[in-house]
Amino acid sequence: RQPMLLPGVQNSMACCLRRAGRLRAAESMLQKAAAAVKGKGYPASVRGNTYLNLCAVLSSQGKHKGALDAAKQALVAAIQSAGFCSLHPGCGRSIS
């Protein structure tokens, strides 16, 4: 059970590092968290938060291509978390 908590702890630590101005350390921590949550049965909300924080850190460093990729991953997680398809206007299809 403890490994399931690790990405959340890494995410929180990365937020503290980002606020302290240690962007490279925050990026490294978030990369580890992102690798852990990728396709391992973690809730979509955990994946979304991880990728959204990674987007912010990468953008702060001027790494905008990577930030955009992370933002796209966060959006996918948000859609999965909502339980419906919102990529196509008027679709409303359930994706569960």
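One can find the structure itself at the top, above this paragraph.
The present account deals with the structure reproduced in this document. These numbers come from a predicted model, not from an experiment. (Residues numbered from 1 in each chain as written. Predicted model: local features only at pLDDT ≥ 70, side-chain atom pairs only at ≥ 80, totals over all residues. Heavy atoms only, no water.)

1. So, the overall build of the protein
And step 1. Secondary structure summary: the protein contains 4 helices and 0 strands in total.
And step 2. Taken from the N to the C terminus, the helices and strands of the protein come in the order α-α-α-α.
And step 3. Residue pairs in contact within the protein that sit at least 24 positions apart in sequence constitute 40% of those at least 6 positions apart.
And step 4. A total accessible area of about 6100 Å² is found for the protein, and carbon and sulfur atoms account for 58% of it. (Helix = DSSP H or I, 4+ residues; strand = E, 2+ residues; numbered from the N terminus. Contact = heavy atoms within 4.5 Å. Areas by Shrake-Rupley, 256 points an atom, 1.4 Å probe, with all protein chains shown as cover.)

2. Notes on the environment of Tyr42
And step 1. Inspection of the secondary structure assignment puts Tyr42 in the loop between α2 (23–37) and α3 (44–60).
And step 2. Assessed through its relative accessible area of 10%, Tyr42 is described here as buried.
And step 3. On a C-alpha basis, the gap between Tyr42 and Met4 in space is 7.5 Å, while along the polypeptide they are 38 residues apart.
And step 4. Discounting residues that sit within four places of it in the chain, Tyr42 has contacts with Pro3, Met4, Pro7, Ala36, Val37 and Arg47. (Buried < 20%, exposed > 50% of the residue type's maximum accessible area, 1.4 Å probe, protein only.)

3. So, the nonpolar core
And step 1. Judged by nonpolar contacts, the single largest core of 14 residues is most densely connected at Ala14, Ala26, Leu30, Tyr51, Leu54 and Ala70.
And step 2. Listed by contribution, the elements that provide at least two residues to this core are α1 (2–19), α2, α3 and α4 (64–82).
And step 3. The element best represented in this core is α3, accounting for 5 residues.
And step 4. Leaving out residues up to four positions away in the same chain, Tyr51 has contacts with Ala34, Lys38, Ala70, Gln73 and Ala74. (Core = buried A, V, L, I, M, F, W, Y, C linked by side-chain atoms within 4.5 Å.)

4. Structural notes on the packing of α3 against α4
And step 1. Between α3 and α4, the shortest axis-to-axis distance is 8 Å and the interhelical angle comes to 160°. If you check the angle between α3 and α4, you find them roughly antiparallel. The way α3 lies across α4 gives a crossing that is left-handed. Counted together, Ala44, Arg47, Gly48, Tyr51, Leu52, Leu54, Cys55, Leu58 and Ser59 of α3 and His64, Gly66, Ala67, Ala70, Ala71, Gln73, Ala74, Ala77, Gln80 and Ser81 of α4 form the full contact between these two elements. (Axes fitted to C-alpha atoms, helices over the stretch in contact; angles between N-to-C directions. Parallel < 35°, antiparallel > 145°, perpendicular 65-115°, else oblique. Left-handed = near helix turned anticlockwise from the far one by under 90°.)

5. Some points on α2
Working note: α-helix, 3.6 residues per turn, so residues spaced by three or four point in the same direction.
And step 1. The end-to-end C-alpha distance of α2 is 21 Å, a good match for the 21 Å that 15 residues give at a rise of 1.5 Å each.
And step 2. Every buried residue of α2 is listed here: Ala26, Glu27, Met29, Leu30, Ala33, Ala34 and Val37. Relative to the axis of α2, the buried residues are bounded by an arc of 165° and lie together on one face. Of the exposed residues in α2, those oriented more than 90 degrees away from the buried face are Arg24 and Ala35. (Expected span 1.5 Å × (residues − 1). Arc of directions from axis to C-beta.)

6. Digging into the packing of α2 against α3
And step 1. Across the interface, α2 lies against α3 with an axial gap of 9 Å and an inter-helix angle of 150°. Taken as axis vectors, α2 and α3 run roughly antiparallel relative to one another. Crossing of α2 over α3 shows left-handed handedness. Residues Leu23, Ala26, Glu27, Leu30, Gln31, Ala33, Ala34 and Val37 of α2 touch α3, and the partners they reach there are Val46, Arg47, Thr50, Tyr51, Asn53, Leu54, Val57, Leu58 and Ser60.
And step 2. A per-class count over the contact of α2 with α3 returns 11 nonpolar, 4 polar and 2 charged. (Nonpolar A, V, L, I, M, F, W, Y, C, P; charged D, E, K, R; others polar.)

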